[in-house]
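Residue-level listing of the chains:
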Amino acid sequence: MRVCIIGTGYVGLVTGAGLAELGNKVFCVDVDDEKIANLKKGKTPFYEEGLKDLIEKNLKEGRLFFTTSLAEGVHPSKIVFIAVGTPPKETGEADLSFVIKVAEDLSCLIDKYKIIAIKSTVPVGALELVTQILEREGKKKGVDFDIASTPEFLREGNAVYDFFHPSRTVLGYDNPKVGKILHELFAPLRAPILHTSPATAQMIKYASNAFLASRISFINEIANICEKVGADVVEVARGMGYDRRIGEGYLNAGIGFGGPCLVKDLKALIKIAENSGYEAHFLKSILEKNEHQTRTILYKIKQVLGEVLYDKTVGILGLSFKAGTSDVRNSLSLKIIKLLQKEGAKIKAYDPKAMEEARKVAPDVTYTEDPYETAQSDALVILAAWGEFKELDLEKIKGNLKNPVIIDGVNIFDPEKMRKLGFVYKGVGRG
Ligand SMILES: NC(=O)c1ccc[n+]([C@@H]2O[C@H](COP(=O)([O-])OP(=O)(O)OC[C@H]3O[C@@H](n4cnc5c(N)ncnc54)[C@H](O)[C@@H]3O)[C@@H](O)[C@H]2O)c1
């Protein structure tokens, strides 16, 4: 099939490359000239395992195209995916201005029947808005175009794997013809395909993210109780996860959830509820718990280094919002760095993939060549669970630290082993 993807960010690029690999001819469109010029040469705008190879292969085999011309992407395509950003407004509501702009541009370009499928996370009502914009230009729904909701569930850090192994595909539409065509496109992925209404598809996306966020806030609450009563939250989570009714995912205690999606989507859902006359108390408490959890790391650092931090250097390992990605959007590590800097602490930091991105938003940090240089500090704080941190030479780390202090915000080490090695070690919820 011929497919156009508008927006070559984390979602659009992975979806475009993945659909090309499945044998489709895919036209990826973006307004960012530099991004498109680099992509044409096979240079990816962010790190995601396997993505560069996938793009290079499909470029070479003539199934994947990059362009800044919307017309060039839309004209040959039967399905047009919208995958632009939907950032939060001040109020928490999803900002639909990028989606609206795309709809306005599309309204003059549609010359034969297209399916407009919205991959961006948008609230109920957004499809009607896009429909109205297209109809304003005289395009007829059901004749010139149809519209669908195809929410995305991939996880940054595992995005390519998730594209090829989705847990499910959700298709929301009201014309059965749309369901048949989209089903055909996604059937090779062999995941369960849920056919439903657009409103339900959009709520599946918001509810899924809110539920994942609730699991993280839940286990963080349990972790804090574990610390008071001398229990180990890692084992508590493992013990809970064996229960098939609970499952093991998203039960890692830590510094809370950050990143580009969970907080934004949770706030948007709270607003969706509010706008329809319902106050979502439970969802609000998930957010409150999350904000509190991030601050607990600061208390832990002060417990060992003392209340006064202005004469201290804190080494930070991990800058991306989670391991496996170079994305620093709403990274809790950068938030914690800011909190520490406000207290006067100096920061040294290292990340395997995210330093270039971090430098753009946090220039007043000393970025180091490797974790051992970062450890030349008063304490080392681990804020993303990169595999290479688990393999560190801990004796060398201890030798470099002024005090043998490790605050592990992502629980990658065994507390017993760390204490035996002579560290003052504080994980999250580890008794
Ligand atoms: N990042 C994730 O993990 C993830 C997962 C699931 C769903 N989502 C949702 O998917 C959507 C996209 O997220 P993302 O992280 O990929 O965003 P992103 O910011 O990485 O990418 C958006 C891209 O759209 C481009 N763009 C903006 N306006 C455009 C226009 N008029 N024409 C063409 N391109 C345009 C931007 O230049 C950018 O490259 C959001 O709604 C997000 O909530 C994201």
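The rules we used
- Residues numbered from 1 in each chain as written.
- Predicted model: local features only at pLDDT ≥ 70, side-chain atom pairs only at ≥ 80, totals over all residues.
- Heavy atoms only, no water.
- UniProt positions renumbered as here; feature names shortened; annotations may be inferred.
- Near = heavy atom within 4 Å.
- Polar contact = N/O pair within 3.5 Å; in protein donor to acceptor, adjacent residues only side chain to side chain.
- Areas by Shrake-Rupley, 256 points an atom, 1.4 Å probe, with all protein chains shown as cover.
- Domains from an automatic or database assignment.
- Contact = heavy atoms within 4.5 Å.
- Buried area = accessible area lost by both parts, 1.4 Å probe.
- Salt bridge = Lys/Arg side-chain N within 4 Å of Asp/Glu carboxyl O.
- Nonpolar A, V, L, I, M, F, W, Y, C, P; charged D, E, K, R; others polar.
- Buried < 20%, exposed > 50% of the residue type's maximum accessible area, 1.4 Å probe, protein only.
- Helix = DSSP H or I, 4+ residues; strand = E, 2+ residues; numbered from the N terminus.
- Pairing = 2+ DSSP bridges.
- Right-handed = clockwise from strand over helix to strand, strands pointing away.

- Per an unreviewed UniProt entry, the protein goes by the name UDP-glucose 6-dehydrogenase and belongs to Aerophobetes bacterium.
- The Pathway (unreviewed entry) comment attached to the protein in UniProt states, word for word, "Nucleotide-sugar biosynthesis; UDP-alpha-D-glucuronate biosynthesis; UDP-alpha-D-glucuronate from UDP-alpha-D-glucose: step 1/1."
- Under the Catalytic activity (unreviewed entry) heading, UniProt states for the protein: "UDP-alpha-D-glucose + 2 NAD(+) + H2O = UDP-alpha-D-glucuronate + 2 NADH + 3 H(+)".

**Comments concerning the site of the ligand**
(1) Moving on: Taken together, 25 residues sit near the ligand, with Asp 30, Lys 35, Thr 86, Glu 156 and Lys 264 positioned nearest.
(2) Moving on: Take Arg 329: an N or O atom from its side chain is 2.9 Å from an oxygen atom of the ligand.
(3) Moving on: Expressed as a share of its isolated accessible area of 840 Å², the protein-covered part of the ligand is 88%.
(4) Moving on: Here the shell around the ligand spans two domains, since at least three of its residues come from each of domain 1 (2–194) and domain 2 (212–426).

**Brief notes about the domain arrangement of the protein**
(1) Moving on: Structurally, the protein comprises domain 1 (2–194) and domain 2 (212–426).
(2) Moving on: The straight-line distance from the C-alpha centre of domain 1 to that of domain 2 is 33 Å.
(3) Moving on: Listed as interface residues are 16 residues of domain 1 and, on the opposing side, 18 residues of domain 2.
(4) Moving on: Carbon and sulfur atoms supply 56% of the area buried between domain 1 and domain 2, which totals about 1300 Å² over both sides.
(5) Moving on: By the criterion of area lost to domain 2, the three top residues of domain 1 are Tyr 10, Tyr 47 and Glu 156, representing 41% of everything that side buries.
(6) Moving on: Among the ionic pairs, Glu 156 bridges to Arg 329, the shortest N-O distance being 3.3 Å.
(7) Moving on: Run the count over domain 1 and domain 2 and you get seven residue pairs in polar contact (both at pLDDT 80 or more).
(8) Moving on: Its residues placed into classes, the side of domain 1 that touches domain 2 shows seven nonpolar, five polar and four charged.

**Some remarks on the pairing of strand S9 (residues 313–317)**
(1) Moving on: Across the five residues of S9, five count as buried, placing the element largely inside the fold.
(2) Moving on: Of the pairings in the sheet, the one linking S9 to strand S10 (residues 346–350) comprises five bridges and is parallel in character. Bridged to Leu 317 within S10 is Tyr 350.
(3) Moving on: Assessed by its sense of winding, the connection that carries the chain from S9 through helix H13 (residues 332–342) to S10 is right-handed.
(4) Moving on: Where S9 meets strand S12 (residues 379–382), four bridges bridge the pair, whose relative direction is parallel. What sits directly across from Leu 317, in S12, is Ile 382.

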